[in-house]
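Remarks on the overall topology
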Amino acid sequence: MGAVLSSLLIAVPQNPCKIAKYKDMPPPKCVHMTLGEEDLRNKTIIIVGDVHGCLEELQELIRLTEVKYDDKCLYIFVGDIINKGPKNVETLHFIQKLGAYVVRGNHEERVIKEWNDLKSGRLPTFTMNYSWMEELSESDMNYIMAFPYTITIPSRSITVVHAGLSAWKNINSQKPKHMVTMRNIVGIDNIDPLESEETDRGVPWASVWPGPQHVYFGHDAKRRLQVYPYATGLDTGCVYGGSLSAVNASLPGTVIVSVPARCNYKEY
Ligand SMILES: [Mn+2]
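These numbers come from a predicted model, not from an experiment. (Residues numbered from 1 in each chain as written. Predicted model: local features only at pLDDT ≥ 70, side-chain atom pairs only at ≥ 80, totals over all residues.)

Comments concerning the environment of A100
Assignment of secondary structure puts A100 in the loop between α4 (88–98) and β4 (101–102). Sequence separation between A100 and I46 is 54 residues, and the spatial gap between their C-alpha atoms is 9.8 Å. Filtering out sequence-adjacent residues up to four positions away, A100 remains in contact with Y75, I76, F77 and I95. (Helix = DSSP H or I, 4+ residues; strand = E, 2+ residues; numbered from the N terminus. Contact = placed C-beta atoms within 7 Å.)

Digging into the UniProt feature "domain: Calcineurin-like phosphoesterase" (unreviewed entry) in the chain
When the UniProt feature table is mapped onto this chain, "domain: Calcineurin-like phosphoesterase" (unreviewed entry) is found at residues 44–203. Between the C-alpha atoms that bound residues 44–203 the distance is 32 Å, and the span itself is 33% helix and 17% strand. (UniProt positions renumbered as here; feature names shortened; annotations may be inferred.)

Quick word on the sheet that holds strand β14 (residues 256–260)
Across the sheet, which stays open at both edges, the five strands sit in the order β4-β3-β2-β13-β14 with mixed pairing between neighbours. Edge strands, defined here as strands with exactly one partner in the open sheet, are β4 and β14. Direction of pairing for strand β2 (residues 44–48) relative to strand β3 (residues 73–77): parallel, over a ladder of five bridges. Bridging across to β3, I47 finds its partner in I76. Sheet strands touched by helix α3 (residues 55–68): β2, β3, β13 (243–248) and β14. Its angle to β14, the strand with the most contacts, is close to 145°. (Pairing = 2+ DSSP bridges. Axes fitted to C-alpha atoms, helices over the stretch in contact; angles between N-to-C directions.)

What about the sheet that holds strand β11 (residues 226–228)?
Reading across the sheet, the six strands line up as β1-β5-β6-β10-β12-β11 and stay open at both edges, with mixed pairing between neighbours. What marks the edges here is a single partner per strand, and that holds for β1 (32–34) and β11. The sheet shows a mean angle of 15° between the axes of neighbouring strands, direction not considered. Inspection of the sheet shows strand β10 (residues 214–217) paired to strand β12 (residues 231–233) by three bridges, in the parallel sense. When the sheet's bridge partners are listed, Y216 is paired in β12 with T232.

Side note on the packing of α3 against α4
With their axes 9 Å apart at the nearest point, α3 and α4 run at an angle of 25° to one another. In terms of their interaxial angle, α3 and α4 are classed as roughly parallel. From α3, L55, L58 and Q59 reach across to α4, where they touch E90, T91 and F94. Considering only residue class, the contact of α3 with α4 consists of three nonpolar, two polar and one charged. (Parallel < 35°, antiparallel > 145°, perpendicular 65-115°, else oblique. Nonpolar A, V, L, I, M, F, W, Y, C, P; charged D, E, K, R; others polar.)

Section: the nonpolar core
As a rule of thumb, soluble globular proteins bury nonpolar side chains together. Membership of the largest hydrophobic core comes to 61 residues, with the highest contact counts inside it found for I47, V48, F77, V78, V160, V161 and Y216. Here this core takes five residues from β3, the largest share from any one element. In contact with V48, not counting residues within four places along its chain, are L61, Y75, F77, V78 and A246. (Core = buried A, V, L, I, M, F, W, Y, C linked by C-beta atoms within 7 Å. Buried ≥ 20, exposed ≤ 12 C-beta atoms within 10 Å, placed from the backbone.)

Digging into the pairing of strand β6 (residues 158–161)
Covered by surrounding structure in β6 are I158 and V160 together with T159 and V161, the residues of both alternating faces. Both strand β5 (residues 150–153) and β6 contribute to a ladder of four bridges, which runs antiparallel. Bridge assignment links T152 to a residue of β6, and that residue is T159. Counted along the chain from β5 to the antiparallel partner β6, the turn is four residues long, and its residue S157 has a positive phi close to 60°. Where β6 and β10 come together, three bridges link them in parallel fashion. Bridged to T159 within β10 is V215.

Points about α4
Residues of α4 that are buried include every one of N88, T91, L92 and I95, and no others. Take α4 and look down its axis: the buried residues cluster within an arc of 100°, on one side only. Immediately beyond the C-terminal end of α4, within one or two residues, lies G99, with a positive phi of roughly 70°. (Arc of directions from axis to C-beta.)

Concerning helix α5 (residues 106–119)
The terminal C-alpha atoms of α5 lie 20 Å apart, and with 14 residues this matches the ideal 20 Å at 1.5 Å per residue to within 8%. Among the residues of α5, those classed as buried are N106, H107, E108, E109, V111 and W115. For α5, the secondary structure elements touched by its buried residues are α6 (138–145) and α7 (176–181). Just downstream of α5 lies G121, where phi reads positive at about 80°. (Expected span 1.5 Å × (residues − 1).)

Examining unusual backbone geometry
Omega for the bond connecting G211 with P212 falls within 30 degrees of zero, at 0°, which places this linkage in the cis form. Counting through the fold element by element, P212 comes out in the loop between β9 (203–204) and β10. Positive phi is not limited to glycine here, since R41 has a value of about 45°. Along the chain, R41 turns up in the loop between α2 (37–40) and β2. Its 8 C-beta neighbours within 10 Å are what place R41 among the exposed residues. Of note, the phi angle at N83 is positive, near 85°, even though the residue is not glycine. Its place among the elements puts N83 in the loop between β3 and α4. Judged by the 24 C-beta atoms lying within 10 Å of it, N83 is buried.

Here's what the structure looks like:
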């Protein structure tokens, strides 16, 4: 079963723009991005966990990986690069300058929703938690809105998604809401198992992911680093006073580079 599902996932997505909308969320132009060897340019693939505006820790993490891998890194972020943390706009610009790839997280979706609500007059101004958005430009928003839900590198058998994937659906049938929010699978032995944001029922989706496609993801700070045979969870809770982590996806195993949070920016 695993091999069949994975071959479906590796296949180049069909009609990637025909995707069900999540509430009034506009989908990115490219929903499922595929990178080839020509995009990798012989660089070391570094996948970075949820940054949430923790700029100083991110800069330190990038310095460490550049030293370790001779300035030849290609960065892919698992999403939630912004919101909650101390330096959201600066983090966004820093990641953009890195030439990194980013997948869309639930916090990018919240920012898109807040922006659209404001533009359409549904909000008088940015609500308190989003006051930092006043510094965002139209071009910053276009950058954020273009982040795909998944990035797949078929030649390395790697997929990056913010929250998770359902093993029983091919990539074009994955629901946007689940890709940015799921943590658990409830009723895995049922005919119709359910994706869930909650962690108190069911099992971590990554623990039952069949591979051989290796999925890197974030979004699950409570569980911190998760290492499964075919899935690696990289949200080590930097914004909650944990650490910011990255993995070298060009090497077998789980080679992690990690930077401790400078303070506890937010209560979990
Ligand atoms: Mn998240």
